[in-house]
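Tertiary structure, described
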Amino acid sequence: MVLGAMHGRMGRSAILLTLLTTFSGFINSTHGTWKSSFHANRVNNVEKPSSQPHIIFIMVDDQGFRDVGYHGSEIKTPTLDRLASAGVKLENYYVQPLCSPSRSQLMTGRYQIHTGLQHSIIRPTQPNCLPLENITLPQKLKNAGYSTHMVGKWHLGFYKRGCMPTQRGFDTFFGSLLGTGDYYSHYKCDSPGMCGYDLHEGEEAAWEQDHGIYSTIMYTQKAVKILESHNPNRPLFLYLAYQAVHSPLQVPARYLDRYKSIPNLHRRKYAAMVSCLDEAVRNLTLALKQYGYYDNMVMVYSSDNGGQPMAGGSNWPLRGSKGTYWEGGIRAVGFVHSPLLVKKGTRSRALIHITDWYPTLVMLGEGTLDENQSLDGYDVWEAISEGRPSPRLDILHNIDPIYTKAKNGSWKAGYGIWNTAIRAALRVGDWKLLTGVPGYSDWIPPQTFSTLLLANRWHNERVNWDRGKSIWLFNITADPYERVDLSRRFPHVVKKMLFRLLRYNKTAVPCRYPPKDYRSNPQYNGGVWGPWYTDDDEDEDDNLLLYDLEQMKSWKKGKRRGKFKRKT
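Keep in mind the model is a prediction, meaning the values are calculated, not measured.

1. Some thoughts on the sheet that holds strand β15 (residues 394-400)
In spatial order, the strands read β15-β16-β17-β18; together these 4 strands make up an open sheet with antiparallel pairing. The sheet is open, and its two edges are formed by β15 and β18 (471-475), each paired on a single side. Strand-to-strand twist of the sheet, defined as the mean angle between neighbouring strand axes without regard to direction, takes the value 10°.

As structure tokens, this is what we get:
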């Protein structure tokens, strides 16, 4: 019995041991499976880098064609030279002659005649802004999954809240609304008694963020903070629109010390401002590398218009300056820097216009373009990256129906096709046509060694305007400096281009250039430049637009009835 009992206990022990071993194996097996599954899920849950490239668009203000080292300038720009040399230099790249027009075309991909902003700039006291019916570049990129941030100068209107950058597609905005202002105090007077503060965070005055820092440095610091806080695995669009190097000529002394060899004070200050800008771009590039954006990034660098010799800039050897339709006003410094470029270290002669960035960047960002947008820009990425021919064959530089100051302009001078009193400029292939008054047309060498006042420039090549001209034709490829007018030698080319102008003009919308609204005065808004329209003013705004349309219809009817006869 004792032996049987022992055998019984041993049997039960064996059974228990077997059960424990089996259970332990099950637990280990389950744990191993769970452990493997857990690690697999962790790997799968780690956010993979986006295939969409980060887009960094650097817009600078009033940098002249010659005012970069790789164009032979005495101004030192080692960062810009290095980035451009490792990327693609755009040597047939065009913008508009003024701030607002260039920025409006970047944001919409459309010519000024198609947004109603054909004349001058958007002034701070005008109830005017980039028309709200236009879908902007940041809106398109945001729809494609981008985080969109703007730092710097807006200059596309702010009279009502809907015009503000954060209402036009930007997630964040830090910068100025006006076209210019003090680099340190961010204070701007548009006219006597119309003065106010112009630094904003989002839609409010940035009093607390303002520490009196020079704007080029301040904007770079803000851009770096955005890069630091953003997840580089998610696509980023950063529009960094520097105030530099627009007047007033202000710069920290340490940059000015580098150019003691330049006797001309304006040129010396301007050169120092460009050097500060170059250093800012260097710091931005270092941050792009430090925070993991660089390898999947496309950087575009562009000036918004030509340089202003009155404020130290130089477009030599091009003709004219900022505010003109000569090459010095519209042919810009520009380059693309990116590890994603197929052919790096090249110079591109492809014809490219600032409207082209809209479709190019939207498609690069895997966004979509709508057929009903009627864009004037082209996708030029293959032309830039691979050196292929540009799809662009012409550029409408502008048709300004308000600026008709050419005293000798007439329908007769335009062969009955076009009134040459109207300021217009068109590029088709190698040819460029100008009508009306294109603007100040001297060839102005750099004023490096001149100590004369700006009113008495040094070694100018002056042009006599008493020749009764209101139309010019140049072969820009053969004559990029616009020295040989061919309008009389090739009248058949002139006529063809005038007909092209006429066709463009038939697609133009009414020009938006309202008078000053005294409610814009910052003294009515806590001393700050900002929106002044209220919801009750929206109907009034619609009525003003309807008035413009009725005026245009009345003008067209009068023309058909012969009320407005052609000059002969």
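2. Observations concerning the pairing of β15
In terms of residue burial, β15 counts as a mostly covered element, since 7 of its 7 residues are buried. Bridge count for β15 against strand β16 (residues 423-428) is 6 bridges, and the pairing is antiparallel. Looking at the pairing, Ile-399 lines up with Ala-424 of β16.

3. Considering the environment of Arg-347
As for its placement among the helices and strands, Arg-347 is situated in strand β13 (residues 346-348). Put simply, Arg-347 and Ser-85 are 262 residues apart on the chain and 8.6 Å apart in space, counted from C-alpha to C-alpha. Other than its neighbours up to four places away in sequence, Arg-347 contacts Tyr-70, Lys-89 and Glu-91. Polar contacts involving the side chain of Arg-347 include one to the side chain of Glu-91, which spans 2.7 Å.

4. Notes on unusual backbone geometry
Leaving glycine out, the prevailing phi sign among residues is negative, and the prevailing peptide bond configuration is trans. Following Ser-247, the chain continues into Pro-248 via a peptide bond in cis, with omega recorded as 5°. Relative to the helices and strands, Pro-248 is located in the loop between β10 (236-241) and α6 (253-256). The backbone of Ser-120 sits at a positive phi, close to 55°, despite the residue not being glycine. Inspection of the secondary structure puts Ser-120 in the loop between α3 (99-108) and α4 (137-143). Ser-120 gets classed as buried once you look at its relative accessible area, which sits at 18%. The backbone of His-186 shows a phi angle near 60°, a positive value even though the residue is not glycine.

5. Brief notes about the sheet that holds strand β9 (residues 204-205)
Judged by pairing direction, the sheet is mixed, and its 10 strands sit side by side in the order β9-β8-β5-β4-β10-β1-β11-β12-β2-β13 without closing on themselves. The open sheet is flanked by β9 and β13, the only strands paired with a single partner. Bridge count for strand β5 (residues 172-176) against strand β8 (residues 200-201) is 2 bridges, and the pairing is antiparallel. What sits directly across from Phe-174, in β8, is Glu-201.

Definitions and limits used
- Residues numbered from 1 in each chain as written.
- Predicted model: local features only at pLDDT ≥ 70, side-chain atom pairs only at ≥ 80, totals over all residues.
- Heavy atoms only, no water.
- Pairing = 2+ DSSP bridges.
- Helix = DSSP H or I, 4+ residues; strand = E, 2+ residues; numbered from the N terminus.
- Axes fitted to C-alpha atoms, helices over the stretch in contact; angles between N-to-C directions.
- Buried < 20%, exposed > 50% of the residue type's maximum accessible area, 1.4 Å probe, protein only.
- Contact = heavy atoms within 4.5 Å.
- Polar contact = N/O pair within 3.5 Å; in protein donor to acceptor, adjacent residues only side chain to side chain.

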